[in-house]
Amino acid sequence: MTTIDLNADLGEGFGRWRLTDDEQLLSVVTSANVACGFHAGDASTMRRVCELAAARGVRIGAQVSYRDLAGFGRRAMDVPSAELTAEVAYQIGALEVFARAAGTRVSYVKPHGALYNRVVHDEEQAAAVVDGVLLADATLPVLGLPGSRLLEAAGRAGLEGVMEAFADRAYTEEGTLVPRGQEGAVITDPEAVVTRSVGLARDRVVTTRSGGRIEVEARSLCLHGDTPGAVELARRVRQRLETSGVRVEAFV
């Protein structure tokens, strides 16, 4: 039977502000990409999400980012490699404290936003992220886009690279994500997202923005927790996957 991990970005709040419905999403997903304080999240939020994830048996991932609270980690930034390495390790370490306090641990690392997109092509920044993971915990898998410099760097360093696909993002013919600033970058039609989820998980294909079809190998499928109706959409995606013969389970 085909299997796929279902992940979502969680803990994306700060202080009194909450963006994601963490508790409800954790009843659907198998892996939680938890914001570590640089693009969103604070100590209380990180602790709460770790406790909720641990109680539900959901794997916890450190979603590391450029230091960009004001821009939600989605603004392009130029960060020196040594600084980025230290900041990645810092974020993983901070989340690990709360994961262990909840009786579990950080199970993987995934970059967020501008950093995620940057390490698709930028070898230097990809290597800096990998060095940060090695500094924090050299056993952690790294989640990233198939064919990215990040996964290549992770492999060279002896880390497990896990390929990820996106049901609610538009793809280019090259297999990369359409930048958010461009029209149609985010898929908003629920049925389209559900259909794309099954295509990615079962058939390993997705329709690009220009109408072509490309192969996408992935062990994990991402749904964004900050989109309108994210909880109900996640439930529909999981139900359709399971009724289509796809087993939903964590990759680690």
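Look a little higher up for the structure.
Residues numbered from 1 in each chain as written. Predicted model: local features only at pLDDT ≥ 70, side-chain atom pairs only at ≥ 80, totals over all residues. Heavy atoms only, no water.

A.B. asks: Got a sec to walk through helix α6 (residues 149-156)? Specific residues and values, please.
C.D. replies: Taken together, the buried positions of α6 are L150, L151, A153 and A154. Viewed along the axis of α6, the buried residues span an arc of 160°, placing them on a single side of the element. In this fold, the buried residues of α6 make contact with β6 (106-111), α4 (113-121), α5 (123-136), β7 (142-144) and β8 (161-166). Count one or two residues on from α6 and you reach G158, which has phi positive near 85°. (Buried < 20%, exposed > 50% of the residue type's maximum accessible area, 1.4 Å probe, protein only. Helix = DSSP H or I, 4+ residues; strand = E, 2+ residues; numbered from the N terminus. Arc of directions from axis to C-beta. Contact = heavy atoms within 4.5 Å.)

A.B. asks: Got a sec to walk through a nonpolar patch on the surface? Specific residues and values, please.
C.D. replies: On the surface, F14, W17, L19 and L69 cluster together to form a nonpolar patch covering roughly 370 Å² of accessible area. Mapped onto the fold, L19 is located in the loop between β3 (17-18) and α1 (22-25). Assessed through its relative accessible area of 33%, L19 is described here as partly exposed. (Patch = residues over 30% accessible without salt bridge, like charges linked within 9 Å, V, L, I, M, F, W, Y side chains within 5 Å. Areas by Shrake-Rupley, 256 points an atom, 1.4 Å probe, with all protein chains shown as cover. Salt bridge = Lys/Arg side-chain N within 4 Å of Asp/Glu carboxyl O.)

A.B. asks: For the pattern of salt bridges, give the residues involved together with the corresponding values.
C.D. replies: This structure, assessed with the given rule, holds 20 salt bridges. In this structure, R149 and E152 form a salt bridge, with 3.5 Å as the shortest nitrogen-oxygen distance. With R149 and E152 both in helix α6 and three residues apart, the pair spans about one turn of that helix. When the shortest N-O distance is used, the salt bridge between R247 and E249 registers 3.4 Å. When its relative accessible area of 38% is taken as the criterion, R247 is described as partly exposed. Through salt bridges with shared partners, a single ionic network connects D9, K110 and E164.

A.B. asks: Just give me the short version of the pairing of strand β11 (residues 220-223), but keep the residues and values in it.
C.D. replies: Side chains S220 and C222 of β11 all project onto a buried face; the interleaved residues L221 and L223 project onto the opposite face, where all are buried too. Here four bridges tie strand β1 (residues 2-10) to β11, and the two strands are oriented parallel to one another. When the bridges of β11 are listed, D5 appears paired with S220. Sheet topology places β8 next to β11; three bridges connect them, and they run parallel. Across the sheet, residue E164 finds its bridge partner in β11, namely S220. (Pairing = 2+ DSSP bridges.)

A.B. asks: Give a description of the side chain of E87 that names residues and reports values.
C.D. replies: With respect to the helices and strands, E87 occurs in helix α3 (residues 81-101). Overall, the relative accessible area of 9% leaves E87 in the buried class. Here the side chain of E87 touches R67 through a polar contact of 3.2 Å, side chain to side chain. Those residues within four positions of E87 in sequence are excluded, and the remaining contacts are F38 and R67. (Polar contact = N/O pair within 3.5 Å; in protein donor to acceptor, adjacent residues only side chain to side chain.)

A.B. asks: Break down the packing of aromatic side chains for me, citing the residues and quoting the values.
C.D. replies: Per the counting criterion, the structure on display carries three aromatic pairs. Taken together, a centroid distance of 5.9 Å and an interplanar angle of 45° make the contact between F38 and Y90 tilted. Placement of F38 in the loop between β4 (31-35) and α2 (43-56) and of Y90 in helix α3 is noted, with a sequence separation of 52 residues between them. The exposure class assigned to Y90 is exposed, which follows from its relative accessible area of 56%. (Phe/Tyr/Trp six-rings, centres within 6.5 Å; stacked < 30°, edge-to-face > 60°.)

A.B. asks: Could you give me a rundown of α2, with the residues and numbers involved?
C.D. replies: The end-to-end C-alpha distance of α2, which contains 14 residues, comes to 20 Å, matching closely the 20 Å that a straight helix rising 1.5 Å per residue would cover. For α2, the elements touching its buried residues are β1, α1, β4, β5 (59-64) and α3. Positioned one or two residues after α2, G57 has a phi angle of 75°, which is positive. (Expected span 1.5 Å × (residues − 1).)

Structural measurements only, silent on function.
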